[in-house]
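Overview (structure and organization)
One letter stands for each residue in the lines below.
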Amino acid sequence: MARGLAGAMTVRTRFAPSPTGVLHVGGARTALFCWLQARAAGGQFILRIEDTDLERSTAESVQAILDGMDWLGLDYDEGPHYQSQRFERYAAVAEELLAQGKAYRCYCSKQRLEALRAQQMQAGLKPRYDGHCRDGAAGAGETSPVVRFRNPADGTVVFEDLVRGTIRISNAELDDLVIARPDGSPTYNFTVVVDDLDMRITHVIRGDDHINNTPRQINIYRALGAEPPAFAHVPMILGADGARLSKRHGAVGVMQYRDLGYLPQALLNYLVRLGWSHGDQEVFSVAELLERFDVRDVNRKAAAFDPDKLDWLNQHYQRSLPAAEVAGHLAWQFEALGIDAGAGPPLTDLVGVQADRVKTLREMAEQSRVFYQELEGFEAGAARKHLRPVCEPVLRALRERLRDLVDWSPESLNNVVRIVADELEVGMGKVAQPLRVALAGSAVSPSIDRTLWLVGRDRSLRRLDDALEYVVFRAERH
Ligand code: GLU
(Lines give C-alpha, C1' and ligand atoms only; values in the text may rest on other atoms or scores of the structure.)
Protein backbone atom coordinates (compact mmCIF):
# COMPACT_ATOMS: atom_id res chain seq x y z
CA MET A 1 0.00 0.00 0.00
CA ALA A 2 1.13 3.52 -0.66
CA ARG A 3 2.62 5.06 2.43
CA GLY A 4 1.13 7.99 4.23
CA LEU A 5 -2.22 8.10 2.50
CA ALA A 6 -5.51 8.17 4.30
CA GLY A 7 -6.63 4.57 4.51
CA ALA A 8 -9.95 5.06 2.78
CA MET A 9 -8.57 6.87 -0.26
CA THR A 10 -8.36 4.86 -3.43
CA VAL A 11 -5.26 5.75 -5.38
CA ARG A 12 -6.15 7.04 -8.83
CA THR A 13 -3.45 8.01 -11.28
CA ARG A 14 -3.59 9.06 -14.88
CA PHE A 15 -1.36 9.18 -17.91
CA ALA A 16 -2.21 12.21 -19.99
CA PRO A 17 -0.29 12.28 -23.25
CA SER A 18 -0.77 14.86 -25.97
CA PRO A 19 -1.28 12.97 -29.22
CA THR A 20 1.23 14.82 -31.34
CA GLY A 21 3.60 11.94 -32.08
CA VAL A 22 4.39 8.37 -31.13
CA LEU A 23 4.64 7.13 -27.56
CA HIS A 24 8.29 7.67 -26.72
CA VAL A 25 10.28 6.02 -23.99
CA GLY A 26 10.05 9.04 -21.68
CA GLY A 27 6.27 9.04 -21.87
CA ALA A 28 6.17 5.28 -21.52
CA ARG A 29 8.21 5.48 -18.34
CA THR A 30 5.82 8.10 -16.92
CA ALA A 31 2.89 5.85 -17.85
CA LEU A 32 4.63 2.92 -16.19
CA PHE A 33 5.21 4.86 -12.97
CA CYS A 34 1.54 5.94 -12.92
CA TRP A 35 0.41 2.39 -13.65
CA LEU A 36 2.61 0.91 -10.91
CA GLN A 37 1.59 3.49 -8.34
CA ALA A 38 -2.08 2.74 -8.93
CA ARG A 39 -1.80 -1.03 -9.26
CA ALA A 40 0.52 -1.39 -6.26
CA ALA A 41 -2.14 0.25 -4.11
CA GLY A 42 -5.06 -1.63 -5.62
CA GLY A 43 -6.18 1.64 -7.17
CA GLN A 44 -7.10 2.75 -10.67
CA PHE A 45 -5.14 3.93 -13.64
CA ILE A 46 -6.76 6.25 -16.14
CA LEU A 47 -5.76 7.18 -19.66
CA ARG A 48 -6.57 10.66 -20.84
CA ILE A 49 -5.75 11.96 -24.27
CA GLU A 50 -4.95 15.67 -24.13
CA ASP A 51 -6.01 16.62 -27.60
CA THR A 52 -7.16 20.20 -27.07
CA ASP A 53 -4.62 21.34 -29.62
CA LEU A 54 -6.77 20.32 -32.55
CA GLU A 55 -4.15 21.29 -35.10
CA ARG A 56 -1.31 19.26 -33.71
CA SER A 57 -3.31 16.27 -32.45
CA THR A 58 -3.84 13.41 -34.88
CA ALA A 59 -5.81 10.19 -34.88
CA GLU A 60 -2.67 8.29 -35.93
CA SER A 61 -0.86 9.58 -32.91
CA VAL A 62 -3.71 8.51 -30.62
CA GLN A 63 -3.49 5.07 -32.18
CA ALA A 64 0.28 5.00 -31.78
CA ILE A 65 -0.08 5.80 -28.08
CA LEU A 66 -2.75 3.12 -27.60
CA ASP A 67 -0.59 0.59 -29.47
CA GLY A 68 2.43 1.42 -27.34
CA MET A 69 0.51 1.06 -24.09
CA ASP A 70 -1.02 -2.18 -25.29
CA TRP A 71 2.32 -3.65 -26.33
CA LEU A 72 3.81 -2.74 -22.96
CA GLY A 73 0.84 -4.25 -21.15
CA LEU A 74 -0.07 -1.00 -19.41
CA ASP A 75 -3.79 -1.56 -19.16
CA TYR A 76 -6.10 1.15 -17.87
CA ASP A 77 -9.27 0.99 -15.86
CA GLU A 78 -10.85 4.07 -17.41
CA GLY A 79 -10.51 5.84 -20.66
CA PRO A 80 -9.25 6.82 -22.97
CA HIS A 81 -10.98 10.06 -22.08
CA TYR A 82 -10.59 12.71 -24.74
CA GLN A 83 -10.26 16.33 -23.76
CA SER A 84 -11.65 17.35 -27.14
CA GLN A 85 -14.96 15.84 -26.05
CA ARG A 86 -15.08 17.86 -22.85
CA PHE A 87 -15.05 21.42 -24.14
CA GLU A 88 -18.53 22.09 -22.77
CA ARG A 89 -17.42 21.07 -19.35
CA TYR A 90 -14.39 23.37 -19.43
CA ALA A 91 -16.56 26.24 -20.64
CA ALA A 92 -19.01 25.64 -17.79
CA VAL A 93 -16.24 25.68 -15.20
CA ALA A 94 -14.80 28.85 -16.72
CA GLU A 95 -18.25 30.44 -16.45
CA GLU A 96 -18.41 29.42 -12.79
CA LEU A 97 -15.09 31.10 -12.11
CA LEU A 98 -16.22 34.20 -13.99
CA ALA A 99 -19.46 34.35 -12.01
CA GLN A 100 -17.51 34.15 -8.77
CA GLY A 101 -15.04 36.79 -9.84
CA LYS A 102 -12.23 34.25 -9.78
CA ALA A 103 -11.67 34.78 -13.45
CA TYR A 104 -12.25 37.77 -15.70
CA ARG A 105 -12.47 38.68 -19.33
CA CYS A 106 -9.45 40.36 -20.75
CA TYR A 107 -9.71 42.52 -23.85
CA CYS A 108 -6.08 43.47 -24.20
CA SER A 109 -5.08 43.50 -27.82
CA LYS A 110 -2.18 41.54 -29.17
CA GLN A 111 -0.34 44.79 -29.82
CA ARG A 112 -0.74 45.93 -26.22
CA LEU A 113 0.51 42.59 -24.90
CA GLU A 114 3.45 42.61 -27.27
CA ALA A 115 4.41 46.13 -26.32
CA LEU A 116 4.12 45.21 -22.64
CA ARG A 117 6.32 42.22 -23.15
CA ALA A 118 8.95 44.19 -25.04
CA GLN A 119 8.98 46.83 -22.31
CA GLN A 120 9.45 44.25 -19.57
CA MET A 121 12.16 42.42 -21.43
CA GLN A 122 14.00 45.65 -21.97
CA ALA A 123 13.78 46.46 -18.29
CA GLY A 124 15.22 43.02 -17.54
CA LEU A 125 11.93 41.78 -16.05
CA LYS A 126 10.24 38.44 -16.52
CA PRO A 127 7.39 39.00 -19.01
CA ARG A 128 4.03 38.74 -17.27
CA TYR A 129 0.54 40.07 -17.70
CA ASP A 130 0.12 43.32 -15.79
CA GLY A 131 -3.49 42.83 -14.72
CA HIS A 132 -4.78 45.61 -16.95
CA CYS A 133 -8.29 44.11 -17.24
CA ARG A 134 -8.45 42.75 -13.70
CA ASP A 135 -10.76 45.36 -12.34
CA GLY A 136 -13.17 46.12 -15.10
CA ALA A 137 -13.13 45.32 -18.74
CA ALA A 138 -11.33 48.07 -20.51
CA GLY A 139 -12.33 48.01 -24.14
CA ALA A 140 -15.20 45.55 -23.66
CA GLY A 141 -16.91 44.71 -26.90
CA GLU A 142 -14.08 45.70 -29.20
CA THR A 143 -12.33 42.35 -29.51
CA SER A 144 -13.23 38.79 -28.49
CA PRO A 145 -11.84 38.52 -25.01
CA VAL A 146 -9.77 35.77 -23.44
CA VAL A 147 -10.65 34.53 -19.97
CA ARG A 148 -7.92 34.95 -17.39
CA PHE A 149 -7.69 33.25 -14.05
CA ARG A 150 -7.36 35.72 -11.20
CA ASN A 151 -4.21 34.43 -9.56
CA PRO A 152 -3.83 35.42 -5.89
CA ALA A 153 -1.74 38.58 -5.75
CA ASP A 154 0.25 37.64 -2.72
CA GLY A 155 1.21 34.72 -0.58
CA THR A 156 3.24 31.69 -1.52
CA VAL A 157 2.25 28.39 -3.06
CA VAL A 158 3.90 25.53 -1.21
CA PHE A 159 3.63 21.91 -2.10
CA GLU A 160 5.35 18.72 -1.15
CA ASP A 161 6.49 17.05 -4.33
CA LEU A 162 6.81 13.30 -3.76
CA VAL A 163 10.05 13.26 -5.74
CA ARG A 164 11.47 16.74 -5.48
CA GLY A 165 10.54 17.62 -1.92
CA THR A 166 9.14 20.97 -0.81
CA ILE A 167 8.56 23.47 -3.59
CA ARG A 168 7.73 27.11 -2.89
CA ILE A 169 6.71 29.69 -5.43
CA SER A 170 5.67 33.19 -4.56
CA ASN A 171 2.42 34.31 -6.18
CA ALA A 172 4.23 37.48 -7.14
CA GLU A 173 6.02 35.29 -9.71
CA LEU A 174 2.78 34.16 -11.32
CA ASP A 175 0.52 36.21 -13.52
CA ASP A 176 -3.11 35.86 -14.50
CA LEU A 177 -3.13 32.88 -16.74
CA VAL A 178 -5.31 32.64 -19.84
CA ILE A 179 -7.72 29.76 -19.30
CA ALA A 180 -9.85 30.27 -22.41
CA ARG A 181 -8.74 31.68 -25.73
CA PRO A 182 -10.74 34.19 -27.80
CA ASP A 183 -12.48 31.30 -29.61
CA GLY A 184 -13.43 29.83 -26.23
CA SER A 185 -11.00 26.92 -26.43
CA PRO A 186 -9.47 26.07 -23.06
CA THR A 187 -5.76 26.02 -22.24
CA TYR A 188 -3.65 23.22 -20.80
CA ASN A 189 -3.31 24.38 -17.19
CA PHE A 190 -7.03 24.77 -16.90
CA THR A 191 -8.20 21.56 -18.60
CA VAL A 192 -5.73 19.50 -16.62
CA VAL A 193 -7.12 20.79 -13.32
CA VAL A 194 -10.75 20.34 -14.33
CA ASP A 195 -10.01 16.81 -15.51
CA ASP A 196 -7.89 15.76 -12.58
CA LEU A 197 -10.69 16.95 -10.31
CA ASP A 198 -13.52 15.38 -12.28
CA MET A 199 -11.56 12.15 -12.62
CA ARG A 200 -10.76 12.17 -8.89
CA ILE A 201 -7.04 11.82 -9.45
CA THR A 202 -5.12 11.40 -6.21
CA HIS A 203 -1.56 11.37 -7.59
CA VAL A 204 -0.38 13.41 -10.53
CA ILE A 205 2.81 11.78 -11.77
CA ARG A 206 4.38 13.50 -14.75
CA GLY A 207 7.59 14.77 -16.27
CA ASP A 208 9.37 17.54 -14.41
CA ASP A 209 9.05 19.77 -17.46
CA HIS A 210 5.63 20.49 -15.93
CA ILE A 211 6.86 21.50 -12.51
CA ASN A 212 6.50 25.21 -13.23
CA ASN A 213 2.86 24.69 -14.11
CA THR A 214 2.03 23.08 -10.81
CA PRO A 215 1.78 26.21 -8.61
CA ARG A 216 -0.58 27.75 -11.15
CA GLN A 217 -2.66 24.62 -11.17
CA ILE A 218 -2.74 24.53 -7.37
CA ASN A 219 -4.18 28.03 -7.34
CA ILE A 220 -6.90 26.94 -9.74
CA TYR A 221 -7.74 23.93 -7.54
CA ARG A 222 -8.14 26.23 -4.56
CA ALA A 223 -10.28 28.66 -6.52
CA LEU A 224 -12.53 25.74 -7.36
CA GLY A 225 -12.77 24.94 -3.68
CA ALA A 226 -10.78 21.74 -3.99
CA GLU A 227 -7.64 20.38 -2.43
CA PRO A 228 -4.97 19.58 -4.97
CA PRO A 229 -3.82 15.97 -5.43
CA ALA A 230 -0.32 14.78 -4.56
CA PHE A 231 2.29 15.62 -7.19
CA ALA A 232 5.34 13.69 -8.26
CA HIS A 233 7.53 15.20 -10.96
CA VAL A 234 9.90 12.68 -12.44
CA PRO A 235 13.13 13.68 -14.14
CA MET A 236 13.78 13.54 -17.84
CA ILE A 237 15.62 10.74 -19.55
CA LEU A 238 19.00 11.76 -20.96
CA GLY A 239 21.10 10.32 -23.74
CA ALA A 240 24.56 8.93 -22.99
CA ASP A 241 26.00 12.38 -23.72
CA GLY A 242 23.93 14.04 -21.01
CA ALA A 243 21.58 15.87 -23.39
CA ARG A 244 17.84 15.25 -23.25
CA LEU A 245 17.06 11.98 -25.01
CA SER A 246 16.05 12.63 -28.59
CA LYS A 247 15.97 11.01 -31.99
CA ARG A 248 19.58 11.75 -32.55
CA HIS A 249 20.45 9.27 -29.79
CA GLY A 250 18.69 6.45 -31.66
CA ALA A 251 15.27 4.92 -31.24
CA VAL A 252 12.93 6.88 -28.98
CA GLY A 253 9.54 5.44 -29.92
CA VAL A 254 8.31 2.49 -27.90
CA MET A 255 7.20 0.61 -31.00
CA GLN A 256 10.62 1.12 -32.56
CA TYR A 257 11.92 -1.06 -29.76
CA ARG A 258 9.46 -3.76 -30.71
CA ASP A 259 10.64 -3.47 -34.31
CA LEU A 260 14.25 -3.74 -33.18
CA GLY A 261 13.41 -6.98 -31.41
CA TYR A 262 13.09 -6.09 -27.74
CA LEU A 263 10.62 -7.79 -25.45
CA PRO A 264 8.14 -5.52 -23.68
CA GLN A 265 9.22 -7.04 -20.35
CA ALA A 266 12.80 -6.00 -21.03
CA LEU A 267 11.86 -2.46 -21.97
CA LEU A 268 9.58 -2.12 -18.92
CA ASN A 269 12.25 -3.45 -16.60
CA TYR A 270 14.76 -1.16 -18.21
CA LEU A 271 12.53 1.91 -17.96
CA VAL A 272 11.58 1.36 -14.35
CA ARG A 273 15.24 1.24 -13.38
CA LEU A 274 15.89 4.51 -15.14
CA GLY A 275 15.48 6.72 -12.14
CA TRP A 276 14.13 4.22 -9.65
CA SER A 277 16.01 1.59 -7.72
CA HIS A 278 15.66 -0.95 -4.98
CA GLY A 279 19.11 -1.73 -3.63
CA ASP A 280 21.26 -2.85 -6.52
CA GLN A 281 18.70 -5.24 -7.94
CA GLU A 282 18.45 -4.99 -11.74
CA VAL A 283 15.87 -7.56 -12.71
CA PHE A 284 12.32 -7.11 -11.49
CA SER A 285 9.26 -9.10 -12.36
CA VAL A 286 6.06 -7.09 -12.55
CA ALA A 287 4.93 -8.83 -9.36
CA GLU A 288 8.05 -7.64 -7.57
CA LEU A 289 7.57 -4.13 -8.87
CA LEU A 290 4.03 -4.11 -7.61
CA GLU A 291 5.36 -5.01 -4.21
CA ARG A 292 8.26 -2.57 -4.14
CA PHE A 293 7.53 0.39 -6.34
CA ASP A 294 6.75 3.71 -4.74
CA VAL A 295 7.07 6.91 -6.69
CA ARG A 296 8.62 8.51 -3.59
CA ASP A 297 11.71 6.44 -4.28
CA VAL A 298 12.21 7.86 -7.76
CA ASN A 299 15.49 9.69 -8.07
CA ARG A 300 15.55 13.46 -8.39
CA LYS A 301 18.40 13.33 -10.82
CA ALA A 302 17.88 12.58 -14.48
CA ALA A 303 19.10 9.17 -15.62
CA ALA A 304 20.95 8.41 -18.84
CA PHE A 305 19.79 5.84 -21.35
CA ASP A 306 22.17 2.91 -21.60
CA PRO A 307 21.55 0.69 -24.65
CA ASP A 308 23.94 -2.04 -23.43
CA LYS A 309 21.93 -2.53 -20.31
CA LEU A 310 18.74 -2.82 -22.31
CA ASP A 311 20.42 -5.49 -24.46
CA TRP A 312 21.48 -7.33 -21.35
CA LEU A 313 17.96 -7.28 -19.92
CA ASN A 314 16.49 -8.34 -23.23
CA GLN A 315 18.73 -11.35 -23.35
CA HIS A 316 17.83 -12.14 -19.78
CA TYR A 317 14.11 -12.15 -20.63
CA GLN A 318 14.62 -14.10 -23.85
CA ARG A 319 16.17 -16.81 -21.74
CA SER A 320 13.94 -16.74 -18.72
CA LEU A 321 10.40 -16.06 -19.92
CA PRO A 322 8.35 -19.09 -20.97
CA ALA A 323 9.46 -20.03 -24.49
CA ALA A 324 5.89 -19.84 -25.74
CA GLU A 325 5.67 -16.21 -24.70
CA VAL A 326 8.95 -15.29 -26.35
CA ALA A 327 7.86 -17.23 -29.43
CA GLY A 328 4.74 -15.10 -29.67
CA HIS A 329 6.88 -11.98 -30.03
CA LEU A 330 9.31 -13.76 -32.31
CA ALA A 331 6.45 -14.64 -34.65
CA TRP A 332 5.93 -10.92 -35.20
CA GLN A 333 9.58 -10.57 -36.27
CA PHE A 334 9.24 -13.48 -38.66
CA GLU A 335 6.29 -11.81 -40.29
CA ALA A 336 8.05 -8.49 -40.47
CA LEU A 337 11.03 -10.14 -42.19
CA GLY A 338 8.83 -12.22 -44.47
CA ILE A 339 10.00 -15.56 -43.08
CA ASP A 340 7.34 -18.26 -42.96
CA ALA A 341 7.40 -19.62 -39.40
CA GLY A 342 5.40 -22.62 -40.58
CA ALA A 343 8.21 -23.75 -42.88
CA GLY A 344 10.51 -24.97 -40.12
CA PRO A 345 10.70 -26.04 -36.49
CA PRO A 346 8.29 -24.72 -33.86
CA LEU A 347 9.39 -21.27 -32.71
CA THR A 348 9.50 -22.49 -29.11
CA ASP A 349 12.31 -24.90 -30.09
CA LEU A 350 14.12 -22.10 -31.83
CA VAL A 351 13.87 -19.85 -28.77
CA GLY A 352 15.36 -22.58 -26.59
CA VAL A 353 18.39 -22.82 -28.85
CA GLN A 354 18.93 -19.19 -29.85
CA ALA A 355 18.04 -17.14 -26.74
CA ASP A 356 21.59 -17.30 -25.42
CA ARG A 357 23.22 -16.54 -28.73
CA VAL A 358 21.60 -13.26 -29.74
CA LYS A 359 20.66 -10.01 -28.07
CA THR A 360 17.35 -9.35 -29.75
CA LEU A 361 14.46 -11.18 -31.37
CA ARG A 362 15.26 -9.45 -34.61
CA GLU A 363 18.74 -10.95 -34.59
CA MET A 364 17.17 -14.26 -33.64
CA ALA A 365 14.88 -14.17 -36.66
CA GLU A 366 17.62 -13.00 -38.99
CA GLN A 367 20.04 -15.67 -37.83
CA SER A 368 17.47 -18.42 -38.10
CA ARG A 369 16.59 -18.15 -41.77
CA VAL A 370 18.48 -21.36 -42.52
CA PHE A 371 15.93 -23.34 -40.53
CA TYR A 372 12.99 -21.98 -42.51
CA GLN A 373 14.25 -21.07 -45.95
CA GLU A 374 16.32 -22.86 -48.55
CA LEU A 375 20.03 -22.09 -48.59
CA GLU A 376 21.25 -19.75 -51.24
CA GLY A 377 24.37 -21.84 -51.68
CA PHE A 378 27.36 -22.25 -49.39
CA GLU A 379 29.32 -19.26 -48.26
CA ALA A 380 32.43 -19.30 -50.46
CA GLY A 381 35.08 -19.05 -47.75
CA ALA A 382 33.44 -21.59 -45.47
CA ALA A 383 32.92 -24.03 -48.31
CA ARG A 384 36.49 -23.72 -49.52
CA LYS A 385 37.78 -24.38 -46.05
CA HIS A 386 35.43 -27.06 -44.80
CA LEU A 387 33.83 -28.79 -47.78
CA ARG A 388 36.96 -30.38 -49.16
CA PRO A 389 37.17 -33.58 -51.18
CA VAL A 390 38.50 -35.46 -48.11
CA CYS A 391 35.12 -34.87 -46.46
CA GLU A 392 33.28 -37.11 -48.83
CA PRO A 393 33.37 -40.24 -46.64
CA VAL A 394 32.38 -38.19 -43.60
CA LEU A 395 29.40 -36.67 -45.35
CA ARG A 396 28.33 -40.05 -46.76
CA ALA A 397 28.56 -41.74 -43.38
CA LEU A 398 26.57 -38.96 -41.80
CA ARG A 399 23.93 -39.09 -44.47
CA GLU A 400 23.43 -42.80 -44.04
CA ARG A 401 23.13 -42.72 -40.29
CA LEU A 402 20.90 -39.67 -40.25
CA ARG A 403 18.58 -41.21 -42.80
CA ASP A 404 18.10 -44.22 -40.55
CA LEU A 405 18.02 -42.44 -37.20
CA VAL A 406 14.79 -43.21 -35.39
CA ASP A 407 14.92 -40.59 -32.68
CA TRP A 408 15.60 -37.11 -34.12
CA SER A 409 16.60 -35.54 -30.83
CA PRO A 410 19.68 -33.44 -29.99
CA GLU A 411 21.02 -36.31 -27.84
CA SER A 412 20.74 -38.95 -30.56
CA LEU A 413 22.03 -36.51 -33.16
CA ASN A 414 25.04 -35.79 -31.03
CA ASN A 415 25.65 -39.54 -30.82
CA VAL A 416 25.55 -39.88 -34.58
CA VAL A 417 28.23 -37.23 -35.00
CA ARG A 418 30.38 -38.90 -32.37
CA ILE A 419 30.01 -42.37 -33.83
CA VAL A 420 30.93 -41.15 -37.30
CA ALA A 421 34.01 -39.42 -35.91
CA ASP A 422 35.01 -42.60 -34.06
CA GLU A 423 34.42 -44.85 -37.01
CA LEU A 424 36.43 -42.73 -39.40
CA GLU A 425 39.03 -42.03 -36.73
CA VAL A 426 38.87 -38.26 -37.10
CA GLY A 427 38.28 -35.55 -34.51
CA MET A 428 34.74 -34.28 -33.81
CA GLY A 429 35.60 -30.97 -35.49
CA LYS A 430 36.42 -32.73 -38.74
CA VAL A 431 32.88 -34.05 -38.76
CA ALA A 432 31.01 -31.14 -37.25
CA GLN A 433 32.44 -28.32 -39.38
CA PRO A 434 31.76 -29.81 -42.82
CA LEU A 435 28.35 -30.85 -41.56
CA ARG A 436 27.69 -27.35 -40.27
CA VAL A 437 28.58 -25.73 -43.56
CA ALA A 438 26.42 -28.29 -45.34
CA LEU A 439 23.44 -27.52 -43.10
CA ALA A 440 23.76 -23.80 -42.46
CA GLY A 441 25.75 -22.70 -45.49
CA SER A 442 28.31 -21.07 -43.21
CA ALA A 443 30.65 -21.95 -40.38
CA VAL A 444 28.45 -20.23 -37.80
CA SER A 445 25.41 -21.91 -36.28
CA PRO A 446 24.24 -23.30 -32.95
CA SER A 447 25.88 -26.49 -31.65
CA ILE A 448 25.88 -29.16 -34.31
CA ASP A 449 23.33 -31.43 -32.66
CA ARG A 450 20.93 -28.53 -32.25
CA THR A 451 21.56 -27.30 -35.75
CA LEU A 452 20.64 -30.75 -37.08
CA TRP A 453 17.66 -30.90 -34.80
CA LEU A 454 16.29 -27.56 -36.01
CA VAL A 455 17.04 -28.13 -39.70
CA GLY A 456 15.10 -31.39 -39.50
CA ARG A 457 15.67 -34.68 -41.24
CA ASP A 458 14.44 -34.02 -44.77
CA ARG A 459 16.20 -30.73 -45.12
CA SER A 460 19.37 -32.10 -43.55
CA LEU A 461 19.51 -35.00 -46.00
CA ARG A 462 18.91 -32.72 -48.96
CA ARG A 463 21.61 -30.34 -47.83
CA LEU A 464 24.02 -33.20 -47.33
CA ASP A 465 23.30 -34.26 -50.90
CA ASP A 466 24.07 -30.76 -52.12
CA ALA A 467 27.27 -30.69 -50.08
CA LEU A 468 28.29 -34.08 -51.46
CA GLU A 469 27.66 -32.89 -54.96
CA TYR A 470 29.81 -29.85 -54.30
CA VAL A 471 32.61 -31.95 -52.80
CA VAL A 472 32.60 -34.48 -55.63
CA PHE A 473 32.58 -31.72 -58.23
CA ARG A 474 35.56 -30.16 -56.51
CA ALA A 475 37.41 -33.50 -56.45
CA GLU A 476 36.78 -34.00 -60.15
CA ARG A 477 38.16 -30.64 -61.06
CA HIS A 478 41.44 -31.39 -59.39
N1 GLU B 1 -0.38 16.50 -21.82
C2 GLU B 1 0.81 16.79 -21.10
C3 GLU B 1 2.03 16.29 -21.86
O4 GLU B 1 1.88 15.44 -22.71
C5 GLU B 1 0.88 16.12 -19.75
C6 GLU B 1 0.11 16.84 -18.76
C7 GLU B 1 0.16 16.29 -17.37
O8 GLU B 1 0.57 15.15 -17.15
O9 GLU B 1 -0.30 17.02 -16.51
O10 GLU B 1 3.10 16.76 -21.60
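Just so we're clear, the structure is a prediction, and the values are computed from it rather than from any experiment.

**A closer look at helix α3 (residues 87-99)**
- A rise of 1.5 Å per residue sets the reference length of α3, with its 13 residues, at 18 Å; its end C-alpha atoms lie 18 Å apart and thus fit the reference within 8%.
- Buried positions along α3 lie against β4 (103-106), β5 (146-149), β8 (178-180), α5 (188-198) and α6 (214-223).

**Concerning the site of the ligand**
- Neighbouring the ligand are the residues R14, A16, P17, S18, E50, Y188, V192, R206 and H210.
- In the environment of the ligand, a nitrogen atom lies 2.8 Å from a nitrogen or oxygen atom belonging to the backbone of A16.
- If the ligand stood free it would expose 300 Å²; the protein chains cover 81% of that surface.
- The pocket occupied by the ligand, as judged from atoms lying within 2 Å of grid points, is the largest pocket.

**A few points about the layout of surface pockets**
- In this model, the largest pocket occupies a volume close to 1100 Å³.
- If you trace the largest pocket, you find 45 residues lining it, with P17, S18, H24, G27 and D209 closest to the centre.
- Of all the secondary structure elements, the ones that give two or more residues to the lining of the largest pocket are β1 (12-15), α1 (25-40), α5 and β9 (203-207).
- Here the element with the most residues in the lining of the largest pocket is α1; it accounts for six residues.
- Of the residues belonging to the lining of the largest pocket, the class tally is 18 nonpolar, 17 polar and ten charged.
- Each pocket or cavity is described by its volume, and for the second largest pocket that value is around 520 Å³.
- C108, S109, L113, R148 and V178 are the residues nearest the centre of the second largest pocket, which is lined by 22 residues in total.
- Mapped by element, the contributors of at least two residues to the lining of the second largest pocket are α4 (110-122) and β5.
- Here the lining of the second largest pocket gets six residues from one element, more than from any other, and that element is α4.

**Side note on the confidence of the model for the protein chain**
- In the predicted model, the protein chain carries a mean pLDDT of 94, and the fraction of residues at 70 or more is 97%.
- pLDDT under 50 marks residues 1-6. Its contacts with residues more than four places away, or in other chains, come to eleven contacts.

**Points about the packing of aromatic side chains**
- Per the stated rule, a full pass over the model turns up ten aromatic pairs.
- Ring centres of F33 and F293 lie 5.2 Å apart, and the angle between their planes is 25°; this geometry places the pair in the stacked category. Of the two residues, F33 is situated in helix α1 and F293 in the loop between α9 (286-292) and β12 (303-304); the sequence distance between them amounts to 260 residues. One exposure class covers both F33 and F293, and it is buried.
- An aromatic cluster of three or more residues is present, and its members are F33, W276, F284 and F293.
- The side chain of R148 reaches across the aromatic face of Y129, ending 3.5 Å from its centre.

**Thoughts on the pairing of β1**
- The alternating pattern of β1 places R12 and R14 on one face and T13 and F15 on the opposite face, and all of these are buried.
- In terms of strand pairing, β1 meets strand β2 (residues 44-49) through four bridges, oriented parallel. The residue bridging R14 from the neighbouring strand is I46, located in β2.

Conventions we followed
Residues numbered from 1 in each chain as written. Predicted model: local features only at pLDDT ≥ 70, side-chain atom pairs only at ≥ 80, totals over all residues. Heavy atoms only, no water. Helix = DSSP H or I, 4+ residues; strand = E, 2+ residues; numbered from the N terminus. Expected span 1.5 Å × (residues − 1). Contact = heavy atoms within 4.5 Å. Near = heavy atom within 4 Å. Polar contact = N/O pair within 3.5 Å; in protein donor to acceptor, adjacent residues only side chain to side chain. Areas by Shrake-Rupley, 256 points an atom, 1.4 Å probe, with all protein chains shown as cover. 1 Å grid on protein atoms, 1.4 Å probe; cavity = no way out; pocket = protein on both sides within 12 Å on 5 of 7 lines; lining within 4 Å. Sits in = over half its atoms within 2 Å of the grid points. Points joined across faces, edges and corners; volume = space filled by probe spheres on them. Nonpolar A, V, L, I, M, F, W, Y, C, P; charged D, E, K, R; others polar. pLDDT = per-residue confidence, 0-100. Phe/Tyr/Trp six-rings, centres within 6.5 Å; stacked < 30°, edge-to-face > 60°. Buried < 20%, exposed > 50% of the residue type's maximum accessible area, 1.4 Å probe, protein only. Lys NZ or Arg CZ within 6 Å of the ring centre and 35° of its normal. Pairing = 2+ DSSP bridges.

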